[in-house]
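# Per-entry structural report
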Amino acid sequence: MRTIAHISDLHFGRIDPPVAKGLVEDLHRHASTLLVASGDFTQRARVGQYRAAVEYLAELPKPQLVVPGNHDVPLWNVARRFFFPLNRYREFISSDLFPQFRDDALLVLGVNTARSFTRTSGWLTADQLAYLREQTASVPPGIMKVLVTHHPFIAPPRKPDADVLVGAENALGQLEACGFDVLLAGHLHLAYHDDVRSHLSSARRSVLSIQAGTATSTRRRGEPNAYNWITLSPELVTVAVRAWNGRAFEESLVTRYERVEGNWQRVTQVPVDRMAVDAMQTPLQ
Ligand SMILES: [Fe+2]
Ligand SMILES: [Fe+2]
């Protein structure tokens with residue numbers, strides 16, 4: 001079994017300091033195999049925001065696998081936006097835009113989906129899709145394969161028209177042969193997860209798409225700050241959403257997915273905090 005602490009959308013420049021401090025404490029409570037941060041480290045890609053973000057990441061458990069988000073690309077400086085969109089990200093957060101984590105039970109691949117030509121949307125390029133196919137081609141069976149992007153492949157139940165990865169259905173079709181078991185993303189500041197086949201009609205393989213809420217930003221979208229504590233084994237994935245209760249992070253919803261004949265099936269969902277669950281399931285206006 002492996003464990004991933006999945007945080008997203010820190011948004012330095014708009015963080016809630018007590019929440020950020022609480023997150024450091026909570027992430028050190030249990031040892032994880034890997035910390036994944038799925039983008040939007042800053043609010044406006046400013047140097048001061050990047051400095052604060054990188055200092056913060058240094059306090060969090062390692063190893064870490066990080067990908068950029070749309071907020072990590074400068075918005076107003078047109079030259080920077082179009083000619084050097086991820087220079088600051090590479091300088092401060094990570095120079096690696098194709099991060100990988102491998103051990104004998106887990107392969108995690110991260111790719112950038114943020115683009116200069118759109119303010120909030122994102123997509124995967126043909127080169128990235130080819131890279132992912134190549135990296136997964138000779139992975140022995142029994143190793144869990146996880147893909148990390150900033151933009152999610154599926155929309156949340158609370159907001160079915162939300163901004164997901166452009167061309168998600170086509171990209172997933174092209175990733176079919178990769179055999180990914182789990183997709184991790186953020187971006188919408190909402191915590192939700194499901195089998196992609198419930199959302200994308202052409203999806204043939206059962207893949208779990210898991211999104212984390214915003215871990216530390218004040219730009220909450222009707223949900224508390226939260227992150228995901230995920231345990232993975234070939235036949236069982238558990239997603240525990242750990243949400244901020246005003247004083248600390250605590251378990252608010254735990255969901256177990258079992259793989260039955262190759263298909264992920266939601267077997268139990270334990271609402272530890274009824275109010276948090278209601279908040280997550282109420283449609284947004
Ligand atoms: Fe965000
Ligand atoms: Fe985003």
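For the structure itself, look to the data block above.
Here goes a summary of the coordinates provided. These numbers were taken from a predicted model, which means no experiment stands behind them.

About the cut-offs
- Residues numbered from 1 in each chain as written.
- Chains lettered and ligands numbered in written order.
- Predicted model: local features only at pLDDT ≥ 70, side-chain atom pairs only at ≥ 80, totals over all residues.
- Heavy atoms only, no water.
- Helix = DSSP H or I, 4+ residues; strand = E, 2+ residues; numbered from the N terminus.
- Rg over C-alpha atoms; globule rule 2.2 N^0.38 Å.
- Buried < 20%, exposed > 50% of the residue type's maximum accessible area, 1.4 Å probe, protein only.
- Contact = heavy atoms within 4.5 Å.
- Areas by Shrake-Rupley, 256 points an atom, 1.4 Å probe, with all protein chains shown as cover.
- Pairing = 2+ DSSP bridges.
- Axes fitted to C-alpha atoms, helices over the stretch in contact; angles between N-to-C directions.
- Salt bridge = Lys/Arg side-chain N within 4 Å of Asp/Glu carboxyl O.
- Polar contact = N/O pair within 3.5 Å; in protein donor to acceptor, adjacent residues only side chain to side chain.
- Donors = N, O, S within 2.8 Å, 3.2 Å for Na, K, Ca; no water.
- Tetrahedral: all angles 85-135°; square planar, octahedral: opposite > 155°, others 65-115°.

## Re the overall build of the protein
Looking only at helices and strands, the protein has seven helices and 13 strands in total. Its C-alpha atoms give the protein a radius of gyration of 17 Å, near enough to 19 Å, the size a compact globule of 285 residues would have. The proportion of buried residues among the 285 residues of the protein is 57%. Excluding contacts between residues fewer than 6 apart, the proportion of contacts in the protein whose partners are at least 24 apart in sequence is 69%. Of the roughly 12000 Å² of accessible surface on the protein, 52% is carried by carbon and sulfur atoms.

## Brief notes about the sheet that holds strand β7 (residues 182-185)
Spatial ordering of the open sheet is given by β4-β5-β6-β7-β9-β8, a layout of six strands whose pairing is mixed. A single partner strand is all that each edge strand has here, and the edge strands are β4 (100-102) and β8 (192-195). Along the sheet, successive strands turn relative to each other by an average axial angle of 15°, direction set aside. In the packing of helix α5 (residues 126-136) onto the sheet, contacts are made with β4, β5 (106-110) and β6 (144-148), and the angle to β5 comes to roughly 165°.

## Looking at the sheet that holds strand β11 (residues 236-244)
Taking strand neighbours across the sheet as the criterion, the seven strands line up as β3-β2-β1-β10-β11-β12-β13 in an open arrangement whose pairing is mixed. The open sheet has two edge strands, β3 (64-67) and β13 (263-271), and neither has a second partner. Ignoring which end each strand starts from, the neighbouring axes of this sheet average 20° apart. The pairing of strand β2 (residues 34-38) with β3 spans four bridges and is parallel.

## Focus on the pattern of salt bridges
Throughout the structure, instances matching the rule amount to 11 salt bridges. Here R29 ties to D26 by a salt bridge, and the two come within 3.0 Å at their closest N and O atoms. Owing to a relative accessible area of 2%, D26 belongs among the buried residues under this scheme. Salt bridges here are not isolated pairs; linked through shared partners, they connect R2, D103 and D104.

## Thoughts on the environment of K62
Checked against the element boundaries, K62 lands in the loop between α2 (47-59) and β3. The exposure class of K62 is exposed, given its relative accessible area of 55%. C-alpha separation for the pair K62 and T33, spaced 29 residues apart in sequence, amounts to 8.4 Å. There is a polar contact of 3.0 Å between the side chain of K62 and the backbone oxygen of A58. Looking at K62, its side chain comes within polar contact range of the main-chain oxygen of L60, at 3.1 Å.

## Topic: the coordination of the iron ion (ligand 1)
Each donor-metal-donor angle in an ideal tetrahedron of four donors is 109.5 degrees, and each such angle in an ideal octahedron of six donors is either 90 or 180 degrees. The coordination sphere of the iron ion (ligand 1) contains the protein donors D9 (OD), H11 (NE2), D40 (OD) and H189 (NE2), at a distance range of 2.0 to 2.3 Å. Coordination geometry of the iron ion (ligand 1): the four donor atoms subtend angles of 88 to 177° at the metal centre, consistent with an arrangement described as irregular. Between consecutive donor residues of the iron ion (ligand 1), the sequence gaps follow D-x1-H-x28-D-x148-H. Between the iron ion (ligand 1) and the iron ion (ligand 2) the interatomic distance amounts to 3.5 Å, and D40 serves as a bridging ligand to the pair.

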